[in-house]
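# Per-entry structural report
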Amino acid sequence: MWKFCNPNPCHVLVGDCVIRACTVSLDSEWRKVHSDLSFLSRARCNMPSANVVWGEYLESRGLIYRVPRFPQTIRQFCREHPTGCYTIGTGEHAVTVIDGDWYDVWDSGDERVLYYFER
């Protein structure tokens, strides 16, 4: 089930899905994640929202990269993963799933899961 979640400290709705998803999955502070990703993105000469940048960031914090066995939406993924914490990449969006619920500023349940990171 979708749960509204906006850890952005100014409560604005901006294109920060990667920062929001990493903040939720790591149980961290939005500003810290933003700073960490900005530092890593400068080192990699890429954007903080680049899949390789935030993927490296999550893996450096112990999350494991995985690819689903078959195509599925976030909603379907949640039904098949009723427990645990996962950060999902759709190619254009990032969202965190905790115990079968996805945490986002909009209902992204119909987005396709391309890969995910398991905590």
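In this report, the structure presented in the accompanying data block is examined. Predicted, not measured: the structure shown is a model, and the values here were computed from it. (Residues numbered from 1 in each chain as written. Predicted model: local features only at pLDDT ≥ 70, side-chain atom pairs only at ≥ 80, totals over all residues. Heavy atoms only, no water.)

## Considering the packing of helix H1 (residues 17-26) against helix H2 (residues 30-44)
Direction vectors running N to C along H1 and H2 enclose 120°, while the axes themselves pass 9 Å from each other. The pairing of H1 with H2 is recorded here as oblique in orientation. In the packing of H1 onto H2, the handedness of the crossing is right-handed. For the pair formed by H1 and H2, the contact residues are Val18, Ile19, Arg20, Cys22 and Thr23 on the first element and Trp30, Val33, His34 and Leu37 on the second. Its residues assigned to classes, the contact of H1 with H2 comprises six nonpolar, two polar and one charged. (Axes fitted to C-alpha atoms, helices over the stretch in contact; angles between N-to-C directions. Helix = DSSP H or I, 4+ residues; strand = E, 2+ residues; numbered from the N terminus. Parallel < 35°, antiparallel > 145°, perpendicular 65-115°, else oblique. Left-handed = near helix turned anticlockwise from the far one by under 90°. Contact = heavy atoms within 4.5 Å. Nonpolar A, V, L, I, M, F, W, Y, C, P; charged D, E, K, R; others polar.)

## A look at the sheet that holds strand S1 (residues 2-4)
Taken in spatial order, the six strands of this open sheet run S1-S5-S4-S3-S6-S2, and their pairing is mixed. With one partner strand each, in any of the chains shown, S1 and strand S2 (64-66) form the two edges of the open sheet. Sheet twist, expressed as the mean angle between neighbouring strand axes with direction ignored, is 30°. Taken strand by strand, H1 contacts strand S3 (85-89), strand S4 (94-98) and strand S5 (101-104), and its axis lies near 20° from that of S4. (Pairing = 2+ DSSP bridges.)

## What to know about the pairing of strand S6 (residues 115-118)
Alignment of S2 against S6, held across three bridges, turns out to be antiparallel. Paired with tyrosine 65 across the two strands is phenylalanine 117, which belongs to S6.

## As for the packing of H1 against helix H3 (residues 51-60)
With their axes 11 Å apart at the nearest point, H1 and H3 run at an angle of 10° to one another. Taken together, H1 and H3 sit at an angle that is classed as roughly parallel. For the pair H1 and H3, the contacting residues are Val18, Cys22, Ser25 and Leu26 in the first and Trp54, Tyr57 and Leu58 in the second. Considering only residue class, the contact of H1 with H3 consists of six nonpolar, one polar and no charged.

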